[in-house]
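Each chain, letter by letter, is given below.
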Amino acid sequence: MRFQSRAAAALAALPTVFGITPEGMLAANRYGAAVPNPSGDFAIYTVSNYTFETAESASQWNKLDLKTGDISLWYAGSDISEVVFVGSTPTSILYINGTNAEGDGGVSLYSADANALEKAKLISSFPVPYSGLKAAQTAKGDIHFLVYTKAYPNGTAYSEATASKPASSARIYTSTYVRHWDTWLDDKKNAVFGGVLTGGNGTYSFSGELTNYVTGICNVTCAESPYDQSDQSDYDISPDGSSVVFLTKDTSLPLANYTADVIYYVPFSGTADDAVPINARGSTKYANAQGAATSPRFSPSGDKIAYLQMNGIAYESDRNILYVASSSSEDFNVTALALDWDRSPDTIAWSKDSSTIFVQAPDLGNERIFPVPLSAGDSYMPTNITDQGVPAGFYVLPDDNLLVSDSKIWTSRDIYTLTPEGEIPKTYFQANLVDPGLAGLGPKDVTEFYYTSNTSEIKQQSWVILPADFDESKTYPLAFLPHGGPQGAWYNSWSTRWNFKVWADQGYVVIAPNPTASSGWGQNLTDSIQGRWGSYPYWDLVHAWDYVNDNLKYVDTSNGIVAGASFGGYMTNWIQGHELGRRFKALVTHDGSTSTLNQYASEELWFMNHDFSGQFNQTGFEASSPYYEWNPLLYVNNWATPHFVVHNVMDFRLPISEGILLFNMLQTRGVPSKFLSFPDENHWVINPENSRVWHREIFKFINYYSGLSNAPSPY
């Protein structure tokens, strides 16, 4: 293992200039968010890494002393998968062990003192792989806890390891939404289960009885919580353990066509029959609130529930609005806070006195934290208290400061405290100053510019990432990266999939623009992509390229490359057929769309219904339809630039046929091209060995055509 515990011990050995390789980035430590104990004395977080020499992964838990800043090993190994602070003392915990003694695919639940893990006590061994532990101590000292797993339609928990195997592998469906992301769907759906631990002082007993709060709520479809690709962020338990909230897709609507969610409130002692909707469509004074909802959270006082919800009933990237409901089924009294704020928060945390909600929202290329008081009216404009980076998690401490764990383009994890006014009293950890694999990385590697485009009234932003040993008097080939989504953005954050610095340190200047559809510059820029896939964002990218060509003299635009994934892959395919494509030496498409006429081979039909301004039908073959107008294949006769294609077998969002179609057409036209596919990867490449191959093959191809490589061939 290569775990680092103290910055001072490693700093002296670090070089001042460093070029990060794919292997170095993939093998570097990966850090979870630091979770503080209730008294704010310490926090724990996970650290994991992969060693290519042994082909082994390793993980551990670290303990951060919030008083002294000391970091020490808390637990070595991956057995402890989840920890919750709950019980009679600030160091009392429950944790889930990812296995059990029976070896039947289940898990084990333990109680312990965080300062004496060796004395942990087994509470129960479950024959089912429950996860998503949340818990609260009741007034009498018992613990009420929540977990989730898949359940049969009759409500009993499902375990793949022990379930009987059918004689046939046939799948039969009578409605849309047959698969999602990388999974074929069936009648087993996630459900939240609740149980009671009786006793106290670290010694608890469990009867084995668990209550399913979700299964059985049915209409057109049946409830599922968490949603099939989500997690425990979809539910919560009140501080006194008396109540539960969870969200599910609106069961009155077809799953594939709508994004609408409903949040339910249920007494902990109740069942699915007692669940009452908080925000059912048309039930609040906000008639437009009909879209996706996230993050239901009880206030510390227990009398309020905060959540986020969009208006659009079939639009996954509409603006999130912050709502607060009373935790009373007699009158939820839903109220919006900062209703007119032109930002879309995605994470929430309550202040200790329940008077303020801290939200995290995309803002100008970062995700910033904003405090929103409960008194905020419709016109209230929150002020950010963080600047750079994207938080992976933040928690409110007893002294009202926040413990923030974030990342930036140059560091995989920073951990620090933050006052409600935005001051940083203490920085505990900076990965780029500790991990040898990240040595020398820093804010000096990153800058940004704003450029004018003919598609929007506001200027648009782009990141610039510089290579190691950067010398402004020299020139470096351009690596031009359109982002995916299309709604989304390139943020100031670390990534192990598209790591800007890894690309730059091949010898490029990376330009990562945020054109039309990007999040964090107002909802209008995000929404303007609708019906305009090949127009607005394309011309924005042309203007970004022009800005670089005219202003950044250290960028060699004559030997540049383009690489994009998902919508970025679509845009690369679109660029291939247009004038901008002739300005580049090579292109890379990762799991992109090749024919917009094939969009209905996907799973989330709401996405294309929105982005292409209607359902696909016969009119999709007419020139006036976005399905037809923005099809890259219309310009296939222009394809000429060498093109590397990646498409994975398990990608059900954009099926592999899109990549094969692209490669076949390139080969047919005689365009130098290469195809890479992983049978065990989905829309992303996660396995580190696969990722190493992904980087190696792509860099071999583009470095040849950009002139960075002396290799005799790109193959």
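Predicted, not measured: the structure shown is a model, and the values here were computed from it.

Counting its secondary structure elements, the chain contains 10 helices and 39 strands. A compact globule built from 715 residues should have a C-alpha radius of gyration of about 27 Å, and the chain, at 26 Å, falls within 12% of that. In terms of principal-axis extent, the alpha carbons of the chain reach across some 75 × 65 × 60 Å. When each of the 715 residues of the chain is scored for burial, the buried share is 58%. Residue pairs at least 24 apart in sequence account for 60% of intrachain contacts in the chain once pairs closer than 6 positions are excluded. Positive and negative side-chain charges of the chain, numbering 43 and 73 respectively, have mean locations separated by a distance of 5 Å.

The next point concerns the pairing of strand β38 (residues 643–646). Across the two faces of β38 the burial is the same, with H643 and V645 and F644 and V646 all buried. Where strand β37 (residues 584–590) lies against β38, 4 bridges are found, and the strand directions are parallel. If you follow T589 over to β38, its bridge partner there is V645. Where β38 meets strand β39 (residues 673–676), 4 bridges bridge the pair, whose relative direction is parallel. Paired with V646 across the bridge in β39 is L676. Taken together, β38, helix α9 (residues 657–668) and β39 form a β-α-β motif whose crossover is right-handed.

For the rest of this paragraph, the subject is the state of the cysteines. If you walk through the whole model with that rule in mind, you get 1 disulfide. C218 shares a disulfide with C222; S-S distance 2.1 Å. On the sign convention where negative means left-handed, the S-S torsion of about 110° between C218 and C222 marks this disulfide as right-handed. Judged by relative accessible area, which is 44%, C218 ranks as partly exposed. Residue C222 is classed as partly exposed on the basis of its relative accessible area, which comes to 33%.

With that out of the way, let us pick up helix α5 (residues 536–551). Counted at 1.5 Å a residue, the expected span for α5 with its 16 residues is 22 Å, and the 22 Å between its end C-alpha atoms agrees. Every buried residue of α5 is accounted for by P537, Y538, D540, L541, V542, A544, W545 and V548.

So, on to the environment of A76. Topologically, A76 is positioned in strand β5 (residues 71–76). Relative accessible area serves as the criterion here: at 47%, A76 is assigned to the partly exposed category. The spacing of A76 and A314 is 238 residues in sequence and 45 Å in space, taken between C-alpha atoms. Ignoring anything within four residues of it in the chain, the contact list for A76 reads S59 and Q60.

On to the sheet that holds strand β7 (residues 92–97), then. Sheet architecture is open: 4 strands sit in the order β6-β7-β8-β9, paired in antiparallel fashion. Looking along the sheet, the strands with just one partner apiece sit at the ends: β6 (80–85) and β9 (121–126). With strand direction ignored, the average angle separating the axes of adjacent strands in the sheet is 20°.

With that settled, the discussion passes to the nonpolar core. Counting residues in each nonpolar core, the largest one holds 57 residues, and the members touching the most others are Y45, F429, W503, W694, I698 and I702. By residue number, the principal contributor to this core is helix α10 (residues 688–706), which donates 6 residues. Beyond its immediate sequence surroundings of up to four residues, F429 is in contact with Y31, Y45, I71, R413, D414, I415 and V434. The next biggest cluster of nonpolar side chains, apart from the first, holds 42 residues, and it includes L185, L541, F567 and W606.

Moving on, we get to the layout of surface pockets. Looking at the second largest pocket, its volume works out to about 1200 Å³. Surrounding the second largest pocket, 40 residues form its lining, W184, L185, D186, D187 and K188 being those nearest its centre. Residues belonging to the lining of the second largest pocket are distributed by class as follows: 18 nonpolar, 12 polar and 10 charged.

It is worth spelling out the sheet that holds strand β19 (residues 261–267) at this point. Pairing within the open sheet is antiparallel, and its 4 strands lie in the order β17-β18-β19-β20. Each of the sheet's edge strands pairs with one partner strand only, and the pair in question is β17 (235–237) and β20 (276–277). With 2 bridges connecting them, β19 and β20 associate as antiparallel partners. What sits directly across from Y264, in β20, is P277.

As a further point, take the pattern of salt bridges. A full pass over the atoms with the stated rule returns 23 salt bridges. Between K134 and D236 there is a salt bridge, with its nearest N and O atoms 3.8 Å apart. Here the residue K134 occupies a position in strand β10 (residues 131–137), and D236 occupies one in strand β17, the gap between them amounting to 102 residues. Both residues of the pair, K134 and D236, belong to the buried class. Close ionic contact of K188 with D186 constitutes a salt bridge, the shortest N to O distance being 3.6 Å.

Before going further, it helps to examine the packing of aromatic side chains. Scanning the model with the defined rule gives 50 aromatic pairs in all. Ring centres of F126 and F206 lie 5.7 Å apart, and the angle between their planes is 65°; on these two criteria the pair is classed as edge-to-face. Of this pair, F126 sits in strand β9 while F206 sits in strand β15 (residues 203–206), and the two are 80 residues apart along the sequence. F126 sits in the buried class, given a relative accessible area of 8%.

Turning to the side chain of Q576, a few remarks are in order. Structurally, Q576 can be placed in helix α6 (residues 567–576). The class of Q576 is buried, set by a relative accessible area of 0%. Excluding its chain neighbours within four sequence positions, the residues that come into contact with Q576 are R582, L587, N638, W639, A640, T641, H643, L666 and V671.

Averaged over all residues, the pLDDT of the chain is 96; the fraction at 70 or higher stands at 97%. Low pLDDT, under 50, characterises residues 4–17; the stretch is placed with 25 contacts to residues that sit more than four places away or in other chains.

Right, let's get into the environment of A27. Structurally, the position occupied by A27 is in helix α2 (residues 22–27). In this structure, the C-alpha to C-alpha distance between A27 and N49, residues 22 residues apart in sequence, is 5.7 Å.

Of all 10 residues making up α6, 10 are buried, and the element is well covered by its neighbours. Those residues of α6 that sit buried are F567, G568, G569, Y570, M571, T572, N573, W574, I575 and Q576. On its buried face, α6 sits against α5, β36 (555–565), β37, α8 (626–629), β38 and α9.

The omega angle of the peptide bond from S225 to P226 is -5°, so this bond is cis rather than trans. Following the sequence through the fold, P226 ends up in the loop between β16 (211–212) and β17. Look at the link from G485 to P486: it is a cis peptide, with omega at 0°. Looking at the element boundaries, P486 is found in the loop between β34 (476–480) and α3 (500–504). With phi around 100°, A517 is a residue other than glycine that occupies positive phi space. Of note in this structure, S566 is not a glycine but carries a positive phi near 60°.

Conventions we followed
- Residues numbered from 1 in each chain as written.
- Predicted model: local features only at pLDDT ≥ 70, side-chain atom pairs only at ≥ 80, totals over all residues.
- Heavy atoms only, no water.
- Helix = DSSP H or I, 4+ residues; strand = E, 2+ residues; numbered from the N terminus.
- Rg over C-alpha atoms; globule rule 2.2 N^0.38 Å.
- Buried < 20%, exposed > 50% of the residue type's maximum accessible area, 1.4 Å probe, protein only.
- Contact = heavy atoms within 4.5 Å.
- Lys, Arg positive; Asp, Glu negative; His and termini not counted.
- Charge placed at Lys NZ, Arg CZ, Asp CG, Glu CD.
- Pairing = 2+ DSSP bridges.
- Right-handed = clockwise from strand over helix to strand, strands pointing away.
- Disulfide = S-S within 2.5 Å.
- Expected span 1.5 Å × (residues − 1).
- Axes fitted to C-alpha atoms, helices over the stretch in contact; angles between N-to-C directions.
- Core = buried A, V, L, I, M, F, W, Y, C linked by side-chain atoms within 4.5 Å.
- 1 Å grid on protein atoms, 1.4 Å probe; cavity = no way out; pocket = protein on both sides within 12 Å on 5 of 7 lines; lining within 4 Å.
- Points joined across faces, edges and corners; volume = space filled by probe spheres on them.
- Nonpolar A, V, L, I, M, F, W, Y, C, P; charged D, E, K, R; others polar.
- Salt bridge = Lys/Arg side-chain N within 4 Å of Asp/Glu carboxyl O.
- Phe/Tyr/Trp six-rings, centres within 6.5 Å; stacked < 30°, edge-to-face > 60°.
- pLDDT = per-residue confidence, 0-100.

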